[in-house]
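Tertiary structure, described
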Amino acid sequence: VIISLIIGISLGLIAGFYRGRVDDIIMWFVNVIWSIPTLLMVIAITLALGKGFWQVFVAVGLTMWVEVARIVRGQVMAIRELEYVEASKVLAYSPFRIITKHILPNVIGPVIVISAANFAAAILIEAGDNVEASNAFSAAMVDKQKDAIEGKRLDVQLDWLNKQEQPTNEEI
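Small disclaimer: the values here were computed from a predicted structure and weren't measured. (Residues numbered from 1 in each chain as written. Predicted model: local features only at pLDDT ≥ 70, side-chain atom pairs only at ≥ 80, totals over all residues. Heavy atoms only, no water.)

Its place among the elements puts Thr-46 in helix α3 (residues 38-49). Here the side chain of Thr-46 touches Val-42 through a polar contact of 2.6 Å, landing on its backbone oxygen. (Helix = DSSP H or I, 4+ residues; strand = E, 2+ residues; numbered from the N terminus. Polar contact = N/O pair within 3.5 Å; in protein donor to acceptor, adjacent residues only side chain to side chain.)

And the structure:
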């Protein structure tokens, strides 16, 4: 969750404060990442990083930042128009100071709420990603075809289809 907060808050602050072309590029990237199913992306990142305790945390963190970025961006766009932020611009404060001293403290409330929701989702995603092959049918399929998914084996065999019991004519 910490990884998602760092990435999401940073990109949301930049997109909401600077608007324009920067906002368009960041939000296009957010929409592309958001269009990929979270569990599928976690599995892909875990395969790329290797299987391990910390790799799953990194994979979950790299997939859950989009909600944070969108909420922070919306909050920043609303706060950016308030009088005290306009006064800071008139006083020629740097954008970094305006963002860190005036905008970021007012964005923390919604970020705490979304991080609590992300924490629960991260637990569920991590549990789904760490299912052992002996415990679930789908995990057994993925485990059996892991070499093919990683591109190490070209002859993909679906042995699990052959091992299932086929109904006989009398049962139908």
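What follows continues from the structure just given.
Quick look at a nonpolar patch on the surface now. Nonpolar side chains collect at one region of the surface, where Ile-3, Leu-49, Val-58 and Leu-62 lie side by side and expose about 270 Å² of accessible area between them. Take Ile-3: it is sitting in helix α1 (residues 2-18). Given a relative accessible area of 31%, Ile-3 falls into the partly exposed group. (Patch = residues over 30% accessible without salt bridge, like charges linked within 9 Å, V, L, I, M, F, W, Y side chains within 5 Å. Areas by Shrake-Rupley, 256 points an atom, 1.4 Å probe, with all protein chains shown as cover. Salt bridge = Lys/Arg side-chain N within 4 Å of Asp/Glu carboxyl O. Buried < 20%, exposed > 50% of the residue type's maximum accessible area, 1.4 Å probe, protein only.)

The next thing to look at is the nonpolar core. Val-30, Val-60 and Trp-65 are the most contacted members of the largest nonpolar core, which totals 17 residues. Contributing elements (two or more residues each) for this core: α2 (20-34), α3, α4 (53-63), α5 (65-79) and α7 (95-129). With four residues, α2 is the single largest residue contributor to this core. In this structure, Val-60 is in contact with Val-42, Ala-122 and Ile-125, ignoring residues within four places of it in sequence. In this structure, Leu-13, Ile-98, Ile-103 and Ile-114 belong to the second largest nonpolar core, which totals 15 residues. (Core = buried A, V, L, I, M, F, W, Y, C linked by side-chain atoms within 4.5 Å. Contact = heavy atoms within 4.5 Å.)

To continue, consider the confidence of the model for the chain. Taken residue by residue, the chain gives an average pLDDT of 79. The fraction at 70 or more is 73%. Contacts of residues 131-136 to residues separated by more than four positions or lying in other chains number six contacts, the stretch itself having pLDDT below 50. This model gives residues 153-157 a pLDDT under 50, and the stretch forms seven contacts once residues within four places in sequence are excluded. (pLDDT = per-residue confidence, 0-100.)

Here we come to unusual backbone geometry. For Arg-19, which is not glycine, the phi torsion reads 50° and is therefore positive. Along the chain, Arg-19 falls in the loop between α1 and α2. If you check the backbone angles, Ala-92 has positive phi at about 65° while not being a glycine. Along the polypeptide, Ala-92 turns up in the loop between α6 (83-90) and α7.

As a further point, take α1. Side chains three or four residues apart in an α-helix point the same way, a direct result of the helix having 3.6 residues per turn. With 17 residues, α1 ought to run about 24 Å at 1.5 Å a step, and its terminal C-alpha atoms sit 24 Å apart, in line with that. Count one or two residues on from α1 and you reach Arg-19, which has phi positive near 50°. (Expected span 1.5 Å × (residues − 1).)

Time to look at the packing of aromatic side chains. Taken as a whole, this structure holds two aromatic pairs when the rule is applied. Summarising the aromatic geometry, the rings of Phe-29 and Trp-65 are spaced 5.7 Å apart at their centres and angled 20° between planes, so their arrangement reads as stacked. On the criterion of sequence distance, the pair formed by Phe-29 in helix α2 and Trp-65 in helix α5 is long-range, its members being 36 residues apart. A cation over a ring is seen here: Arg-80 above Phe-17, with NZ or CZ 5.4 Å from the ring centre. Above the face of the Tyr-93 ring, Arg-97 is positioned so that its terminal group lies 4.0 Å from the ring centre. (Phe/Tyr/Trp six-rings, centres within 6.5 Å; stacked < 30°, edge-to-face > 60°. Lys NZ or Arg CZ within 6 Å of the ring centre and 35° of its normal.)

It is worth spelling out the pattern of salt bridges at this point. All chains considered together, the criterion is met by three salt bridges. Among the ionic pairs, Arg-19 bridges to Glu-81, the shortest N-O distance being 2.8 Å. With Arg-19 in the loop between α1 and α2 and Glu-81 in the loop between α5 and α6, the pair connects residues that are 62 residues apart, well separated along the chain. Overall, Arg-19 belongs to the partly exposed group, its relative accessible area being 28%. Between Arg-73 and Asp-23 there is a salt bridge whose closest N-O contact spans 2.7 Å. In this pair, Arg-73 is assigned in helix α5 and Asp-23 in helix α2, connecting sequence segments 50 residues apart. Overlapping salt bridges, with partners in common, bring together Arg-19, Arg-80 and Glu-81 in one network.

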